[in-house]
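What follows is the residue order along each chain.
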Amino acid sequence: MSQGEAGYSDAILNGELARVVYKAAVEKIKGAEFHLSLLTIAKKFQFLEELQKEILSDLQTLHADDPVTWDFLARQELLIKAPPSAESTPKQAKVQEAARQEERCSQVYETALSSLHKESMWDLYIAFCLERYKRQTNSKQLKQQRTERLLSAFSKAHEAALLPPARYKEWISHLVELGQMELAIDVSSAATDRFGSSVDMWRIRLEVLIAVKVGDVEQVFKKAFTEVKPKDSPPLWTIMVEWSEKERSAGDTEALYQKLVLNPIVTKTMKVKYLDWTYRTQGYKKAKKVFSSLHENRPFSEEFFQKMIDIEKEQEQSKMANLRECYERALREFGSTNPDLWLSYMKEELTHSDGKPENCSTIHWRAMKVLQGENVEQFINKYTLLQTGHL
């Protein structure tokens, strides 16, 4: 607004009206975040400087126990600039100023943390440390200070038992990034001690152990499966079979897969992985045997049949009879909901050297009988594209 316009009283121009609105607002609506939003508005007007000071003072009085208040106060230190030293180059002065600002911010956070023993307060401090850590700088000293401050914040929050699972993941990730693998192992172990039912914590711990190749990984797997609920365990089983493929004998891996394809929680995933591993390590004939041993063992995933179809097509002399068997078995399970499966079958008959294009009319008729609702429309549209050579 134009302060020079006629009609504004001295009281209004001195911020009295704004002050009345502010006082009424904070009486009705509580909370540091709302309080700060009013300060943000007041800062847009130069003639409200006195009101800005009052709002800031009230914030510290009314919301001294709110982490949001302390986060705001700490970050204000980034706005305070000291005159550069005459002895420093502009580049050095910039680095020194950033270091001083961040140190002052850290001191405000530390003051808050000495009295506010809250997870949210630690979370805000760590968020600040992460932001500064990720900022680009050519100064090795400043980068080192930021790294030490970040790792110290993680460690102190852990010691206070106020570090949430997501922050443990970040902590371990940074330790791995910095090459501090022994500490990463210790922290991941502490994380699973504290959050024993968290599949993410166990996954991270196992990934670190496997990467470093230390400790009894198999025992950690066993402990993880006793702590994590069975319904949450599939990611751990996936890690275990991938580890077994690399680190254990083919016989041990085979035994593990044969056990897991019978586990109802992971059977769909493991059938696909077992078939793929067998093909990669023992060839087509063995993969064919595995497929034959499993193709009546429900439940299935579409990926299981697609994997066998892909394997068949990779053979130098792929047999159309084998492909038909795979498609027929897949359609028995998923034909009512997957129009693409019917189309792929027809395309195979049209393009394979031993295919029978005349079979397509029968496959089309069967598909129209089995598919329902939107799947019928999708099938008809794509079938038209197939006929015109656009699919």
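Residues numbered from 1 in each chain as written. Predicted model: local features only at pLDDT ≥ 70, side-chain atom pairs only at ≥ 80, totals over all residues. Heavy atoms only, no water.

Engineer: Outline the overall build of the protein chain, listing residues and values.
Structural biologist: Looking only at helices and strands, the protein chain features 21 helices and zero strands. Relative to the globule expectation of 21 Å for 391 residues, the C-alpha radius of gyration of the protein chain, 33 Å, shows a markedly less compact shape. C-alpha atoms of the protein chain, sized along the principal axes, occupy 95 × 60 × 45 Å. A total of 391 residues make up the protein chain; the buried ones form 41% of that total. Counting only carbon and sulfur atoms, one obtains 52% of the accessible surface of the protein chain, whose full area is about 21,900 Å². Each charge sign in the protein chain was given a centre, from 55 positive and 57 negative side chains, and these centres are 3 Å apart. (Helix = DSSP H or I, 4+ residues; strand = E, 2+ residues; numbered from the N terminus. Rg over C-alpha atoms; globule rule 2.2 N^0.38 Å. Buried < 20%, exposed > 50% of the residue type's maximum accessible area, 1.4 Å probe, protein only. Areas by Shrake-Rupley, 256 points an atom, 1.4 Å probe, with all protein chains shown as cover. Lys, Arg positive; Asp, Glu negative; His and termini not counted. Charge placed at Lys NZ, Arg CZ, Asp CG, Glu CD.)

Engineer: Explain the layout of surface pockets to me, using residue names and the numbers behind them.
Structural biologist: Over the atoms a probe the size of a water molecule is rolled, and this reveals where empty space is left. The space that makes up the second largest pocket amounts to roughly 150 Å³. Residue lining of the second largest pocket: Glu218, Phe221, Lys222, Phe225, Trp237, Met240, Arg248, Leu256 and Lys259, and that is the complete set. Going through the elements one at a time, α12 (217-227), α13 (234-247) and α14 (250-260) are the ones with two or more residues in the lining of the second largest pocket. It is α12 that contributes the most residues to the lining of the second largest pocket, four residues altogether. Residue composition of the lining of the second largest pocket, grouped by class: five nonpolar, no polar and four charged. (1 Å grid on protein atoms, 1.4 Å probe; cavity = no way out; pocket = protein on both sides within 12 Å on 5 of 7 lines; lining within 4 Å. Points joined across faces, edges and corners; volume = space filled by probe spheres on them. Nonpolar A, V, L, I, M, F, W, Y, C, P; charged D, E, K, R; others polar.)

Engineer: Provide a residue-level description of the nonpolar core, including the pertinent values.
Structural biologist: The biggest cluster of nonpolar side chains holds 105 residues, and the ones touching the most others in it are Tyr125, Tyr168, Trp171, Met270, Leu275, Phe304 and Met346. With eight residues, helix α7 (residues 119-134) is the largest single contributor of residues to this core. (Core = buried A, V, L, I, M, F, W, Y, C linked by side-chain atoms within 4.5 Å.)

Engineer: Outline the side chain of lysine 288, listing residues and values.
Structural biologist: Mapping lysine 288 onto the fold places it in helix α16 (residues 284-294). The class of lysine 288 is buried, set by a relative accessible area of 17%.

Engineer: Account for unusual backbone geometry, naming residues and giving values.
Structural biologist: At the junction of arginine 298 and proline 299, the peptide bond is cis and its omega measures out at 5° in the coordinates. Note on placement: proline 299 falls in the loop between α16 and α17 (302-314). One non-glycine residue with positive phi stands out, namely alanine 161, at about 60°.

Engineer: So what about the packing of aromatic side chains? Which residues, and what values?
Structural biologist: Given two aromatic rings, their pairing is described by the distance between the two centres and the angle made by the two planes. All told, the structure shown has 20 aromatic pairs when counted by the stated rule. On the basis of an interplanar angle of 10° and a centroid distance of 6.0 Å, the ring pair of phenylalanine 379 and tyrosine 383 is categorised as stacked. Highlighted residues: phenylalanine 379 and tyrosine 383, both in helix α21 (residues 374-387), separated by four residues, approximately one helical turn. Given the relative accessible area of 18%, tyrosine 383 is considered buried. Just above the ring of tyrosine 133 sits the side chain of lysine 143; from NZ or CZ to the centre is 4.1 Å. (Phe/Tyr/Trp six-rings, centres within 6.5 Å; stacked < 30°, edge-to-face > 60°. Lys NZ or Arg CZ within 6 Å of the ring centre and 35° of its normal.)

Engineer: Account for the side chain of glutamate 97, naming residues and giving values.
Structural biologist: With respect to the element layout, glutamate 97 can be found in helix α6 (residues 90-115). What makes glutamate 97 buried here is its relative accessible area of 10%. Within the structure, the side chain of glutamate 97 is placed 3.2 Å from the side chain of arginine 100, a separation counted as a polar contact. (Polar contact = N/O pair within 3.5 Å; in protein donor to acceptor, adjacent residues only side chain to side chain.)

Engineer: How would you summarise the pattern of salt bridges if you had to cite specific residues and measurements?
Structural biologist: Across all of its chains, the model carries 37 salt bridges by this definition. The partner of glutamate 254 in a salt bridge is lysine 286, with the nearest N and O atoms 3.9 Å apart. Of the two residues, glutamate 254 is situated in helix α14 and lysine 286 in helix α16; the sequence distance between them amounts to 32 residues. Classification of glutamate 254 as buried rests on a relative accessible area of 11%. Arginine 329 serves as the salt-bridge partner of glutamate 296, at 2.7 Å between the closest nitrogen and oxygen. In this pair, glutamate 296 sits in the loop between α16 and α17 while arginine 329 sits in helix α18 (residues 320-334), placing the two residues 33 residues apart along the sequence. For glutamate 296, a relative accessible area of 44% puts it in the partly exposed group. Accessibility expressed as a relative area gives 16% for arginine 329, which makes it buried. (Salt bridge = Lys/Arg side-chain N within 4 Å of Asp/Glu carboxyl O.)

Engineer: So what about the packing of α17 against α18? Which residues, and what values?
Structural biologist: Two elements in contact, α17 and α18, have axes whose closest approach is 10 Å; the angle formed by their N-to-C orientations is 170°. Relative to α18, α17 is oriented roughly antiparallel. For the pair α17 and α18, contact is made by Glu302, Phe305, Met308, Ile309, Glu312 and Lys313 and by Asn322, Leu323, Cys326, Tyr327, Arg329, Ala330, Glu333 and Phe334, respectively. Each residue belonging to the contact of α17 with α18 can be placed in one class, and the counts come to eight nonpolar, one polar and five charged. (Axes fitted to C-alpha atoms, helices over the stretch in contact; angles between N-to-C directions. Parallel < 35°, antiparallel > 145°, perpendicular 65-115°, else oblique. Contact = heavy atoms within 4.5 Å.)

Fair warning: the whole summary comes from geometry, so function is off the table for now.
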